[in-house]
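Results of the structural survey
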Amino acid sequence: MKTSALSLLKWIAGIVVGAWLGQYLLAMALPSLVMQTLYNVGSQDSGVNTLTTRLETDATSRQVVRPSPDLLYAICFYDLSEGPITVTAPVPARYWSLQFYQMNTDNFAGITNQREQAYRIGSTAEVMLVSDGQNAPEFAGEVFTSPTTRGVMLLRASAIGDSLESRQAMAASSCRPA
Amino acid sequence: MKLLRWLIAALLTLTLAVAFLLRSVGANLGATSLQNGDWAINMSVGSADANALQRASVALGGLLGSTRENSVYYRIASVDGEPLRLNCDYRIEGGDYDANWWSITAYGWDNYLIPNPQKRYSYNNENLARDSDGSWVISVSAQEKSGDWIPIGPSGGPPWRKFTDNDFDLLLRLYTPGVAYLETPASAPVPTVTLEACR
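Please read all numbers here as calculations on a predicted model, not as lab measurements.

This paragraph deals with the overall build of chain A. Along the backbone of chain A there are two helices and nine strands. In terms of overall dimensions, chain A is more spread out than a globule: its C-alpha atoms have a radius of gyration of 22 Å, far above the 16 Å expected for 178 residues. For chain A, the spread of C-alpha atoms along the three principal axes comes to 80 × 40 × 35 Å. Burial status across chain A gives 39% buried among its 178 residues. Long-range contacts, defined as pairs at least 24 residues apart, comprise 70% of the intrachain contacts of chain A with a sequence gap of at least 6.

Laid out in C-alpha cells, this is it:
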C-alpha cells in the first residue's frame, strides 16, 4: 500500500516537473506555429507577393490580433523562393511605417517617416527584399535580406484626423515579384 | 498496461504544460513584462532579443507588433489586483504623452476589438474631449455614458477559449515614443485607470 502511494507520488511529481519544463518547449514552438497559421490563412485569402489594403478596422477585423482603429493597414505575405520582391510605397506626411516580419515573429527590418527618416515624406519608398544567400539584381532603392524565405510585410499609416493623404498613399502602394 | 500508463502520463504532461504556458503568457503578457502601476509593458515586442516566453506572448497577444523604437504598448488587465470586468465601470484620466501620436483601445479577452453598435473602440490624442488644461477623461462601461465613452461588451471569440481572469483589457499605444518610454518605461507618464463601481 505504502509502495503504491509512493509510486503514484513519483508519477505526479514527474508529470508536474515535465509539464513545467514542457511549457518552455511549447513556448519555443508557438511563435512559428502562430505565424505559419497566419501565413497560410492570410495568403489563401489575399494571395502571395501581393498587397492587400484594409482601410477600415472594426470588430470584424480578425486576421491579426489587436488591430488599431487609428491606423490603416496593408499586408503582403511574401515568398522569396522564386526570387526577390519589391515594395513601392508613397510616404505620406503623417505617421507611416513599412515593417518586415520573419516566421518566428521578429520584426527584422523596416523603415518609417519618423525621426531621422522624416526626409522620406513626400517621396516614394522603393524597397527590395531578398532571401539569405540570394543575389539582389541591380536596384535603385534599398535592399533588405529576409532571414526566412517566407514572411510578412506590414504597412501602417495614420488614420487620425484627415486621413485622405494616408489613404491615397496606401492605395498607390504595391508588393510584387521583382 | 505499462504502455497505457505512459500514454496517460504523456497526455497529462502535455495538457498541464499547455495550461502552464497559457497562464504564464495570459496573466499579463507573462512574468516577462515591466510594470508601470497597473500597466504592463513588454519591451521586447518584435525584437530579436526576446526570450521564448516573450515571443510566445507576442505570438498570442501582439503578433506583428513593432519594435520599441517604433512604438511601445502598455496593457492594463486589472486595477488594484481586480481583473477588468464587463459588469464594472472604469474611468481613465490623463494628459499628454511624449510621442508622435498615442491612443487607448479596448480589446476583448480574445485580443480583438469588442463588437459594439457605436463602432467606438478607441480614442487618440486628437479626438479626445479635453479641458482647458489639456486633461481628459474616458469612461469605460457596458452602459452608455456622457462624454468620451468606450463601450465594452462580450468578446467575439467562443467562451470556451477564454483562459484569462479579465473580460477585456486596455492598450495604450505610443508611436515614435519619447526617451522616457524607451529608457525608463516603468516610471514614464501613463494615464490613470480607476474602478468606479460594479453592478
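Attention now goes to the confidence of the model for chain A. Looking at chain A, pLDDT values average 91 and 99% of them are 70 or higher. Looking over chain A, one finds the lowest element-wise mean pLDDT in helix α1 (residues 2–46) of chain A, namely 87, and the highest in strand β3 (residues 85–90) of chain A, namely 97.

The positions UniProt marks with the feature "domain: DUF1254" (unreviewed entry) are residues 50–159 of chain A. Secondary structure within residues 50–159 of chain A divides into 0% helix and 49% strand; the distance between the first and last C-alpha atoms comes to 22 Å.

Turning our attention to the sheet that holds strand β9 (residues 174–177) of chain A. Residues and elements named next belong to chain A. Reading across from one edge, β7-β6-β3-β9 is the order of the four strands in this open sheet, with mixed pairing throughout. The sheet is open, and its two edges are formed by β7 (142–146) and β9, each paired on a single side. The average angle at which neighbouring strand axes cross in this sheet is 25°, direction not considered. One ladder, built from five bridges, connects strand β6 (residues 124–131) with β7; its direction is parallel. Across the sheet, leucine 129 pairs through a bridge with phenylalanine 144, a residue of β7.

Among the nonpolar cores identified, the biggest contains 89 residues, and Cys76(A), Val87(A), Met153(A), Ala157(A), Tyr74(B), Ala106(B) and Leu172(B) are the most heavily contacted of them. Looking at this core, the element that brings in the most residues is strand β2 (residues 71–79) of chain A, giving eight residues. For Leu172(B), the contacting residues outside a window of four places in its chain are Trp39(B), Tyr74(B), Trp102(B), Ile104(B), Val190(B) and Pro191(B).

Below, the discussion takes up the UniProt feature "domain: DUF1214" (unreviewed entry) in chain B. Using the residue numbers shown here, the UniProt feature "domain: DUF1214" (unreviewed entry) corresponds to residues 77–177 of chain B. In residues 77–177 of chain B, helix accounts for 0% and strand for 43%; the two terminal C-alpha atoms are 22 Å from one another.

Residue and element names in this part refer to chain B. Judged by pairing direction, the sheet is antiparallel, and its six strands sit side by side in the order β1-β2-β3-β11-β7-β8 without closing on themselves. Only two strands of the sheet have a single neighbouring strand rather than two, namely β1 (34–36) and β8 (122–124). With direction set aside, neighbouring strand axes in the sheet form an average angle of 25°. Here two bridges tie strand β2 (residues 39–41) to strand β3 (residues 71–76), and the two strands are oriented antiparallel to one another. The partner of alanine 40 across the bridge, within β3, is arginine 75.

Here we take up the environment of Ala99(B). All names here are of chain B. If you trace the backbone, alanine 99 turns up in strand β7 (residues 99–108). Assessed through the 19 C-beta atoms surrounding it within 10 Å, alanine 99 is described here as partly exposed. Expressed as a C-alpha distance, the spacing of alanine 99 and tyrosine 175, which sit 76 residues apart in the sequence, is 5.8 Å. In contact with alanine 99, other than residues within four places in its own chain, are Leu174, Tyr175, Thr176, Pro177 and Gly178.

Let's shift gears to the interface of chain A and chain B. Each partner contributes residues to the interface: chain A has 43 residues there, and chain B has 46 residues. Top contributing element to the side of chain A that touches chain B by residue count: α1(A), with 16 residues. Within the side of chain A that touches chain B, the residues separate by chemical class into 23 nonpolar, 14 polar and six charged.

The rules we used
Residues numbered from 1 in each chain as written. Chains lettered and ligands numbered in written order. Predicted model: local features only at pLDDT ≥ 70, side-chain atom pairs only at ≥ 80, totals over all residues. Helix = DSSP H or I, 4+ residues; strand = E, 2+ residues; numbered from the N terminus. Rg over C-alpha atoms; globule rule 2.2 N^0.38 Å. Buried ≥ 20, exposed ≤ 12 C-beta atoms within 10 Å, placed from the backbone. Contact = placed C-beta atoms within 7 Å. pLDDT = per-residue confidence, 0-100. UniProt positions renumbered as here; feature names shortened; annotations may be inferred. Pairing = 2+ DSSP bridges. Axes fitted to C-alpha atoms, helices over the stretch in contact; angles between N-to-C directions. Core = buried A, V, L, I, M, F, W, Y, C linked by C-beta atoms within 7 Å. Nonpolar A, V, L, I, M, F, W, Y, C, P; charged D, E, K, R; others polar.

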